[in-house]
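# Analysis of the macromolecular model
The lines below spell out each chain.
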Amino acid sequence: MASTQVILLRVSGPDRPGLFAALLNVLTAGGGRIQDVEQVVIRRQLTLGIVMELPPGQDLLKDLLLFGWEQRVTVEFDVVDPTPSSHLGAHAVTVLGRELTPAMLAATATAIATAGGNINRIVRLSRYPIYSYELLVEGGDGDTLHRNLLSVAGSNPEFDVAIQQEGLARRAKRLALLDVDSTLIQDEMINLLAAEAGCEEICQQLTEQAMQGEIDFETSLRERVHHLAGLDEAALDRAWDRITLTPGARTFVTALQRLGFAIAIVSGGFTRFCDRLKQDFDLDYAYANTLEIINGKLTGKLVGPIVDRGRKAEILHEVAAAEGVTAEQVVAVGDGSNDIDMLTAAGLGIAFNAKPKVRQAVETSVSVPYLDAVLFLLGISREEVEAEGI
């Protein structure tokens, strides 16, 4: 009795409606049994692969070749291992950049290969505002793969490479925590107020030192706020009018909300601004520091506990518990040293245009100036976002 062969059927050529259905009708008539199917269309050119059992005593291969001739597509066959492949232990590698040259992609592919990994699939996620691709990588040593890809990203400032374990955990993200200054907005709130108070230079120096981790955040913050003493309350409204959102901020937030995410902003800035951002974006939570105001003037003091590096991490766990999710289901985005504990506590912590110390502390970085580029790390394509009218 003849045994059943397992073959890989490859079909390539101009794509058009009804082609796949016609091919399946040929397989059905010839008694073929499908084990696996993969298809991609690039610029209206089809590449289709079907793993199938070829029944003995049938002329199915001849029928398929005739199908190819009639449909003006190329049909090829290979006998393959009948054992199904598995995606267990796979990693999703995302490559992002304003431009992704062959050299950049070659560096990524080499890093994967030298770790023993194999690229199983490549999907383009965006061409605008940046290029991004997702690579499904199977096999290899996970630790080596991480090290190699982080080395590639660190030595090539023109593009970013992120790696995540492929699986349910990656798709189960349900909560996002965002820093505000230099993340959701392009500004630093304290610097906007310092400009109103005429102490911008000293406050900018203290802000930069704090973000670089050169001085204690709370000490720096209290010192900066001290310089605001006597500023009239109307200056807060003038500063609000000067706030500039980070490009892609609304797209990013709206897309997450459509996906059912709860969103919190967690800032070392001030409630007067963050509460308005919460309302403007219809966010779920907002945490920040409170300026003391007496008789319409800032006293140069803060009221209540300080939202600093440690407190941001605590807030992540508190909000996750309130939402009934684990830290593994949290996406956190920030740029400064006071964000590090929050970023490392999250299932996916992203250093966004971050200081060197922050980039070194977390595994995933985005260096393009578009906040919605974070969506690509979640496997969401630009086409999906645009299809929703976002």
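The preceding data block contains the structure.
About the thresholds
- Residues numbered from 1 in each chain as written.
- Predicted model: local features only at pLDDT ≥ 70, side-chain atom pairs only at ≥ 80, totals over all residues.
- Heavy atoms only, no water.
- Helix = DSSP H or I, 4+ residues; strand = E, 2+ residues; numbered from the N terminus.
- Expected span 1.5 Å × (residues − 1).
- Buried < 20%, exposed > 50% of the residue type's maximum accessible area, 1.4 Å probe, protein only.
- Arc of directions from axis to C-beta.
- Salt bridge = Lys/Arg side-chain N within 4 Å of Asp/Glu carboxyl O.
- Pairing = 2+ DSSP bridges.
- Axes fitted to C-alpha atoms, helices over the stretch in contact; angles between N-to-C directions.
- Contact = heavy atoms within 4.5 Å.
- Phe/Tyr/Trp six-rings, centres within 6.5 Å; stacked < 30°, edge-to-face > 60°.
- Core = buried A, V, L, I, M, F, W, Y, C linked by side-chain atoms within 4.5 Å.
- Polar contact = N/O pair within 3.5 Å; in protein donor to acceptor, adjacent residues only side chain to side chain.

### A word on helix 3 (residues 102-114)
Its 13 residues give helix 3 an end-to-end C-alpha distance of 18 Å, which sits within 8% of 18 Å, the value for a rise of 1.5 Å per residue. Every buried residue of helix 3 is listed here: M104, T108, A111 and I112. Along helix 3, the residues classed as buried sweep out an arc of 100° about the axis, all on the same side. In helix 3, those exposed residues whose orientation departs by more than 90 degrees from the buried face are P102, A103, A113 and T114.

### Some remarks on the pattern of salt bridges
One pass over the structure, following the stated rule, counts 24 salt bridges. Here E233 and R272 are joined by a salt bridge, their closest N and O atoms 3.0 Å apart. In this pair, E233 sits in the loop between helix 8 (217-226) and helix 9 (234-241) while R272 sits in helix 11 (residues 271-281), placing the two residues 39 residues apart along the sequence. Overall, R272 belongs to the partly exposed group, its relative accessible area being 29%. With its nearest N and O atoms 3.3 Å apart, the salt bridge here joins E386 to R382. Here the residue E386 and the residue R382 both occupy positions in helix 16 (residues 382-387), the gap between them amounting to four residues, near one helical turn. For E386, a relative accessible area of 47% gives the class partly exposed. Accessibility expressed as a relative area gives 13% for R382, which makes it buried. Several salt bridges converge on common partners, so that one network encompasses E134, E166, R170 and R171.

### A closer look at the sheet that holds strand 7 (residues 131-138)
Judged by pairing direction, the sheet is antiparallel, and its four strands sit side by side in the order 6-7-5-8 without closing on themselves. Strands at the two margins of the open sheet, each flanked by one partner only, are strand 6 (118-126) and strand 8 (159-165). Averaged over all neighbouring strand pairs, the angle between strand axes comes to 20°, with direction disregarded. Pairing of strand 5 (residues 91-97) with strand 7, which is carried by seven bridges, proceeds in the antiparallel orientation. Within the sheet, the bridge partner assigned to T94 lies in strand 7 and is E134. Those strands touched by helix 4 (residues 142-155) are strand 5, strand 7 and strand 8, and its axis lies near 165° from that of strand 8.

### Examining the packing of aromatic side chains
Summed over all chains, the structure comprises one aromatic pair. The interplanar angle of 15° and the centroid separation of 6.5 Å between the aromatic rings of Y285 and Y287 together place this pair among those described as stacked.

### Let's talk about the nonpolar core
Ranked by internal contacts, the top residues of the largest apolar core, which has 63 residues, are L184, L193, F270 and F273. Listed in part, the 22 residues of the second largest apolar core include I315, A320, V325 and A332.

### Overview of the side chain of D335
Within the element layout of this structure, D335 appears in the loop between strand 13 (330-334) and helix 13 (340-345). A relative accessible area of 1% places D335 in the buried class. Engagement of the side chain of D335 in a polar contact is seen with the side chain of T183, the distance being 3.5 Å. A polar side-chain atom of D335 sits 2.8 Å from a polar atom in the side chain of K355. Discounting chain neighbours no more than four positions away, the residues touching D335 are D179, D181, S182, T183, F352, N353, A354, K355 and V358.

### Some details on the sheet that holds strand 3 (residues 45-54)
Strands pair in a sheet through their backbones, by hydrogen bonds, and they do so in one of two ways: parallel or antiparallel. Strand order in the open sheet formed by four strands is 2-3-1-4, with antiparallel pairing between adjacent strands. Strands with a single pairing partner mark the edges of an open sheet, and in this sheet they are strand 2 (33-42) and strand 4 (74-79). Across this sheet, the average inter-strand angle for adjacent strands is 15°, counted without regard to direction. Strands strand 1 (5-14), strand 2 and strand 3 of the sheet are contacted by helix 1 (residues 19-30), whose axis makes an angle of about 15° with strand 3.

### Quick word on helix 8
Residues of helix 8 that are buried: F217, S220, L221, R224 and V225. Angularly, the buried residues of helix 8 cover 130° about the axis, an arc narrow enough to put them on a single face. Along helix 8, the residues that are exposed and aim more than 90 degrees away from the buried face are T219 and H226. Along its buried surface, helix 8 packs onto helix 6 (189-197), helix 7 (200-211), strand 10 (262-270), strand 11 (285-294) and strand 12 (297-303). Between the side-chain oxygen of the N-cap and the backbone nitrogen of E218 there are 3.2 Å, and the N-cap of helix 8 in question is D216.

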